[in-house]
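So the chains spell out like this:
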Amino acid sequence: MRHALRSPVREYGVALCAVLAALLLTLVVRATLGPIYFPLLLAAVMFSAWYGGLGPGLLATALATLASGYILLPPSYSLNLNREALVQLATFVLAALFISSVSEAGHRAQAALRDQGERLRVTLASIGDAVIVSDAAGGVTFMNQIAEDLTGWGQADAHGRPLDQVFRIISEQEHRPVESPVARVLREGVVAGLANHTLLISRGGEEIPIDDSAAPIRDEQGQVAGVVLVFRAIAERRRAEEALRASEQRARALADAMPQAVWTARPTGEIDHYNQRWYDYTGATPEQTMGWGWQAALHPDDVQRCVDGWAESVRTGAPYEIEYRWRRADGTYRWHLGRALPVRGGDGRIVFWVGTGTDIDDQRRAADQQRFLVSAGTLLAGTLDYTTTMERMAQLAVPAVADWCTVDMLDEQGVLQLLAISHVDPDKARWARELRERYPIDLAAPAGAPQVLRTGRPEIYPEISDALLEAVAHDAEELRLLQAVGYRSAMVLPLQVRGRAIGALTLVATESGRRYGPEDLALAEELAARAAIAIDNAQLYREAQEAIRARDQFLSIASHELKTPLTSLMGYVDLLWRRASRDGSLAERDLRALRIAGEQAGRLNRLVGALLDLSRIESGQLSIERGALDLGALARRLVEEGQQMIDQHALAFDGTDEPLVVVGDELRLEQVLQNLIQNAIKYSPSGGQVSVRAERRDDTACVSVRDHGIGIPATALPRLFSRFYRAPNAEEQQISGMGIGLFVVKEIVHLHGGEITVDSHEGHGSLFTVCLPLASGLRDIPAAKERSR
Ligand code: ADP
């Protein structure tokens, strides 16, 4: 029975027809062969039951019973049967019932089988894989749709053909036929998988990469009755795998080509991949650095910071960015910028981390060095004391450029003296000093400071070997000490002043493990050059100080020597003058001579005084007394005194009567005003008006001195108050002095916390104004003018 669906109408119809047909046939046969009753009807029942099962069988039985009882058994067309006929009929019914029920069982078994077969067929057809079933001889008995598609064979075509013909396979690499798994299954009766990399050759010649397995079908006796072959095309998967591999390869190649270290880490923070650059850089093995092993390659001072930072990023998912030092394979530490970003999956969860380490040592070093040199410059410029300069330099060098720094200078006897020493570890600095005392530097030594002093050229020892220490050490004890210091690398630089090496700067690397290279040497040379300039300045300053002291001493003595006779001389001149004018005892000429001598002595006296002041200012020793005084009254007195000396109308005073009290040194302030008044007279044509004015301006007391003399050229004004100012025109230089006066005046005014200003135009006179702060008690009292209002 081929049709899949059962139809009760048809089955019962068939039963009806079969009984009718059997009845008609029986009637026909009876007409020729004599009376037969049941065989044909029995056959009809059997057929109905076989075809339709129990129901149609019973229907046929019933119909056949009725037909034979009514028509076939005598009396025909009557149900009035005799006993014999009834027995026959009953026998028939029993036989028919038996046949029906037996047929039903067969029918059911068949239906079940059919059902199972159908299920299997549907399963095989709908399975995602290709399936071919063969019999024990290897002939194809079944193929599903996918198998048809892949092999290019139709089920009908393939049916009965040897499986080898339909399922042709070769090895992918050698392109040679490989043994079909079906053959193996048939031979060995075991489940067989396919060798890797197999190509199926379709009927059309196409090569399809497949993956397969075959299993035996066994019959009831356990004999192999056939084989089920299952296979699938793997091109798609293969392509995906290849694409993945290619993209991974690309990513790795990219990472390896980068000048940075690149790594990836699991979401938990363990590093699971480094690029080649990392291994080349650190010289580490994957085993050493996977997971959290990278810590070993960090500078010990940076480990904690990095571990904490990374753990924090892993915990929060925040990007990681940090600067740290990595140890290169050669043992040097270089600064790196470490960065890591999380890569998240579709659900937002971190799938892995990608990190990089970029060498920023050069940039950092350049910036550090620049900073270092700038601070060195400021620090060294901050002092003019020679020893302090050297000590500062030694301190500056540690730990910026060295773990240990010494400065040695040649003294007057040509002996190398240790001037300054500093060490990262202060205890060691002391210890190093002792070492130096026990083993003074031998100036004949072939290396180190003595050599540098001789050649004037720096020396660098990138790597200090034991052999080098042995060569330097004087005895076993010193060698032991030197070795204990743990020298790694060193540089010695000459300190050159005006082309002469006067000392040496020694920089040693110990605990830091750094090794000096050309860049370090360049930096150290810069430092040495700056230090040398500072030394030079300090020396120059010291010499200048000494010169000033010597000059001071000379001037003090000179002034003392000069002043004594001068005073008496001037008093004597004065006496003679007065007496002569009273009694006319001296000739006019003699009197003039006397006066000139007196004036010259006075000028000399003033000059000496000015020079002393200058010297005091330069050495910072000009000091002022402090007392309350009335600046207005002082100006008035000076004008009145001046009027005695020169034409009374040429010098005038104008000022308020209110006291202009300032705190200061009366003698010094007198010197200031005197100087301004004298200049005003000196640089005015004879008879020119000079007016002095005293007034309060806000919180200051001001005295201004105005003349209508030659004035000061605009170009000269900015330098007017500087030391040794010389007037620009020759004519004026004739009468001008050394140009110290205004410099001293300015200094004195500044010491009083005041200001001096000048307003002058060449040929139109000058106005000098000195303003000093009013004594604090007066500040709050309104000025006189305001008070009167
Ligand atoms: P000295 O008068 O001894 O040269 P000063 O320092 O007092 O020194 O003055 C410096 C210079 O300033 C003078 O040489 C002169 O050229 C100029 N000077 C000062 N006061 C006046 C003034 N009132 N008028 C014109 N020039 C002046």
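In this text the structure is predicted, and so the values were computed from the model without any measurement.

### A closer look at the nonpolar core
Formed by 42 residues in total, the largest nonpolar core has its most connected members in Leu-631, Val-672, Leu-673, Leu-676, Val-692, Ile-756 and Phe-768. Contacts of Leu-673, omitting those with residues within four sequence positions, involve Leu-631, Leu-634, Ala-635, Leu-638 and Val-703. Residues Val-401, Val-407, Ala-531 and Ala-534 belong to the second largest nonpolar core, which totals 37 residues.

### A short note on the layout of surface pockets
Taking a probe equal in size to a water molecule and rolling it over the atoms shows the remaining empty space. Reported here for the second largest pocket is a volume of approximately 960 Å³. Surrounding the second largest pocket, 33 residues form its lining, Tyr-333, Trp-335, Asp-361, Arg-365 and Arg-514 being those nearest its centre. Elements supplying a minimum of two residues to the lining of the second largest pocket: β11 (333-344), α13 (361-381), α14 (386-400) and α19 (518-583). At seven residues, α13 tops the list of elements feeding residues into the lining of the second largest pocket. By residue class, the composition of the lining of the second largest pocket is 10 nonpolar, seven polar and 16 charged.

### Details of unusual backbone geometry
Here Val-398 and Pro-399 are connected by a cis peptide whose omega angle stands at 0°. Positive phi values are uncommon outside glycine, yet His-175 reaches one of about 60°. Examined against the element boundaries, His-175 turns out to sit in the loop between β3 (168-171) and α8 (181-188). With a phi angle near 50°, Arg-498 is a residue other than glycine that sits in the positive phi range. Of note, Arg-498 is situated in the loop between β16 (489-497) and β17 (500-509).

### With respect to the pattern of salt bridges
Scanning the entire structure with this criterion turns up 36 salt bridges. Put simply, Glu-188 and Arg-187 hold a salt bridge, and the shortest N to O gap is 3.0 Å. Owing to a relative accessible area of 51%, Arg-187 belongs among the exposed residues under this scheme. With a shortest N-O distance of 3.2 Å, Glu-526 and Arg-530 are connected by a salt bridge. Taken together, the residues span about one helical turn, with Glu-526 and Arg-530 both in helix α19 at a distance of four residues. Each of Arg-334, Asp-359, Asp-361 and Asp-362 takes part in salt bridges that share partners, so that together they form one network.

### Description of the sheet that holds strand β24 (residues 766-773)
The five strands lie next to each other as β19-β21-β22-β24-β23, forming an open sheet whose pairing is mixed. Each of the sheet's edge strands pairs with one partner strand only, and the pair in question is β19 (651-655) and β23 (755-760). On average, adjacent strands in this sheet sit at an angle of 15° to one another, irrespective of strand direction. As paired strands, β23 and β24 are joined by six bridges and run antiparallel to one another. Looking at the pairing, Val-758 lines up with Phe-768 of β24. Across the sheet, helix α22 (residues 666-682) touches β19, β21 (690-697), β22 (700-707), β23 and β24, and the angle it forms with β22 is around 20°. Lying on the sheet, helix α24 (residues 741-751) is in contact with β23 and β24; it crosses β23 at an angle near 135°.

### A word on the state of the cysteines
All told, the structure shown has one disulfide when counted by the stated rule. Residue pairing for Cys-702: its cysteine sulfur links by disulfide to Cys-771, the two sulfurs lying 2.1 Å apart. Negative torsions about the S-S bond denote left-handed disulfides, and the value of about 115° found for Cys-702 with Cys-771 makes this one right-handed. Linking Cys-702 in strand β22 with Cys-771 in strand β24, this pair joins segments that are 69 residues apart in sequence. For the pair Cys-702 and Cys-771, a shared accessibility class is recorded, and that class is buried.

The rules behind each value
- Residues numbered from 1 in each chain as written.
- Predicted model: local features only at pLDDT ≥ 70, side-chain atom pairs only at ≥ 80, totals over all residues.
- Heavy atoms only, no water.
- Core = buried A, V, L, I, M, F, W, Y, C linked by side-chain atoms within 4.5 Å.
- Buried < 20%, exposed > 50% of the residue type's maximum accessible area, 1.4 Å probe, protein only.
- Contact = heavy atoms within 4.5 Å.
- 1 Å grid on protein atoms, 1.4 Å probe; cavity = no way out; pocket = protein on both sides within 12 Å on 5 of 7 lines; lining within 4 Å.
- Points joined across faces, edges and corners; volume = space filled by probe spheres on them.
- Helix = DSSP H or I, 4+ residues; strand = E, 2+ residues; numbered from the N terminus.
- Nonpolar A, V, L, I, M, F, W, Y, C, P; charged D, E, K, R; others polar.
- Salt bridge = Lys/Arg side-chain N within 4 Å of Asp/Glu carboxyl O.
- Pairing = 2+ DSSP bridges.
- Axes fitted to C-alpha atoms, helices over the stretch in contact; angles between N-to-C directions.
- Disulfide = S-S within 2.5 Å.

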